[in-house]
Structures are given as C-alpha cells and as structure tokens.
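Residues per chain are reported as follows:
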Amino acid sequence: MPVPMEYRLASQDFDRFLAEVADATGLATRNQAYTTTQGVLLAFPRRLDLAQAIAFAQGLPAMLRALFVMDWDPQEPRMAGWDRAAMSDEVRRLRIDHNFSPDSAIADVARVLRRHVDAAAFARCLAALPPEARAFWSAA
C-alpha cells in the first residue's frame, strides 16, 4: 500500500494551517500561530477523559493529531469547567514570554480547524463528546 496522502502532504498542510491561524488571529508569524494552536490543543484535553481525547484526535489531520498528544499528560487531573475565559488564560500561559495569543484564540483556531478536517468525520468525533466539548470547537 502506498503512503497515504495525509502523511505525504502533512508538513505542507500544517504550514497552510498555521498561515491561516496567523491570519485569523492577527499574529505576525507562523511561530506565534504555532504557540497559539498548541495552547488551544493543550487546554482542550485537560477536560476530557482518555477515551474522549483519543476519539477526538481521530478527526484531526496528521500534524495536528501529533501536536494534540505532544506534551499532554493524560495522568494530569482533569480540569473542571469549560469557562472560555479560563481556557483562554490557559492558552496564553503556554510559553508566556513568547505568547501573543488573542482573547479570541480558541474561536479563531476552531474556525480554521474546521476548514482543515473532513467535516463528516469531525462531526462524528465531536458527537461522542459532551456538549461543552463540542461548544469548544464552535467558532462562536
């Protein structure tokens, strides 16, 4: 079997994703967009159990799936609550001296992410999650 295109083009797709995040957030560089994206992807699973997080990861493109699990400690106690302001603070605390994430980072990344996933597969992944987790990925 040949290498799936998802993996052959993963780096190019990820670079396009970061460029779109930089544009959506008003950030100046892909490095800043990377930190923002990683912050969002770290804040999200802190509120999920392991099975929910793995189910969600199945709907992500290859590089985002890898970023989702990188530096995530599934043994860390789960955070309570889905308060958007508290989660935005978590996003901004990642590499705090080099983090320029706007208050809208979660919604901005969610909006861009939805353009980079298979909509039907992503909807199936979200359907297995609690309503608050589904709301996290709404662009509202």
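What comes next concerns the included structure. Please read all numbers here as calculations on a predicted model, not as lab measurements.

Criteria and thresholds
Residues numbered from 1 in each chain as written. Predicted model: local features only at pLDDT ≥ 70, side-chain atom pairs only at ≥ 80, totals over all residues. Heavy atoms only, no water. Helix = DSSP H or I, 4+ residues; strand = E, 2+ residues; numbered from the N terminus. Rg over C-alpha atoms; globule rule 2.2 N^0.38 Å. Buried < 20%, exposed > 50% of the residue type's maximum accessible area, 1.4 Å probe, protein only. Areas by Shrake-Rupley, 256 points an atom, 1.4 Å probe, with all protein chains shown as cover. Lys, Arg positive; Asp, Glu negative; His and termini not counted. Charge placed at Lys NZ, Arg CZ, Asp CG, Glu CD. Axes fitted to C-alpha atoms, helices over the stretch in contact; angles between N-to-C directions. Parallel < 35°, antiparallel > 145°, perpendicular 65-115°, else oblique. Left-handed = near helix turned anticlockwise from the far one by under 90°. Contact = heavy atoms within 4.5 Å. Nonpolar A, V, L, I, M, F, W, Y, C, P; charged D, E, K, R; others polar. Core = buried A, V, L, I, M, F, W, Y, C linked by side-chain atoms within 4.5 Å. Phe/Tyr/Trp six-rings, centres within 6.5 Å; stacked < 30°, edge-to-face > 60°. Lys NZ or Arg CZ within 6 Å of the ring centre and 35° of its normal. Expected span 1.5 Å × (residues − 1).

In terms of regular secondary structure, the protein chain is built from nine helices and zero strands. Mapped in sequence order, the helices and strands of the protein chain form the string α-α-α-α-α-α-α-α-α. In terms of overall dimensions, the protein chain is globule-like: its C-alpha atoms have a radius of gyration of 14 Å, near the 14 Å expected for 140 residues. Considering only C-alpha atoms, the protein chain reaches an extent of 45 × 35 × 30 Å along its principal axes. Across the 140 residues in the protein chain, those meeting the buried criterion constitute 43%. When the accessible surface of the protein chain is totalled, it reaches about 7500 Å², and 56% of it is carbon and sulfur. Taken as two groups, the 16 positive and 17 negative side-chain charges of the protein chain have centres that lie 4 Å from each other.

Interhelical geometry of helix α2 (residues 10-25) versus helix α7 (residues 105-114) gives an angle of 140° and a closest axis separation of 9 Å. Between α2 and α7, the interaxial angle falls into the category oblique. The handedness of the crossing between α2 and α7 is right-handed. Of the residues in α7, those touching α2 at Phe17, Glu20, Val21, Ala24 and Thr25 are Asp108, Val109, Val112 and Leu113. When its residues are assigned to classes, the contact of α2 with α7 shows six nonpolar, one polar and two charged.

The next subject is the nonpolar core. Counting 36 residues, the largest nonpolar core has Phe17, Phe44, Phe56, Phe68, Leu113, Phe122 and Trp137 as the members making the most contacts within it. Secondary-structure elements contributing two or more residues to this core are α2, α3 (30-43), α4 (50-57), α5 (62-69), α6 (84-93), α7, α8 (119-127) and α9 (131-136). Top element by residues in this core is α7. It accounts for six residues.

What follows covers the packing of aromatic side chains. Each pair of aromatic rings is reported with the distance of its centres and the angle of its planes. Scanning all chains against the criterion turns up eleven aromatic pairs. Look at Phe44 and Phe136: their rings are 4.8 Å apart centre to centre, the planes differ by 40°, and that puts the pair in the tilted class. One end of the pair, Phe44, is in the loop between α3 and α4; the other, Phe136, is in helix α9, with 92 residues separating them in the sequence. The two residues Phe44 and Phe136 agree in class, both being buried. Considering the side-chain rings of Phe44 and Trp137, the 5.3 Å spacing of their centres and the 75° angle between planes classify their relative orientation as edge-to-face. With a gap of 93 residues between them, Phe44 in the loop between α3 and α4 and Trp137 in the segment after α9 connect regions that are remote in the sequence. Here the aromatic residues Phe44, Phe56, Phe68, Trp72, Trp82, Phe122, Phe136 and Trp137 are joined through ring pairs into a cluster of three or more. One Lys or Arg, Arg84, reaches over the ring of Phe136 and ends 5.6 Å from the middle of that ring.

The next thing to look at is α3. Between the first and last C-alpha of α3 there are 20 Å, a value that for 14 residues agrees with the 20 Å anticipated at 1.5 Å per step. On its buried face, α3 is in contact with α2, α5, α6, α7 and α9.

Attention shifts here to unusual backbone geometry. Phi at Asp71 takes a positive value of approximately 65°, unusual for a residue other than glycine. The residue Asp71 is located in the loop between α5 and α6 in this model. By relative accessible area, Asp71 is classed as exposed at 63%. You will see that Arg95, though not glycine, has its phi angle at about 45°, which is positive. Summarising the element assignment, Arg95 is placed in the loop between α6 and α7.

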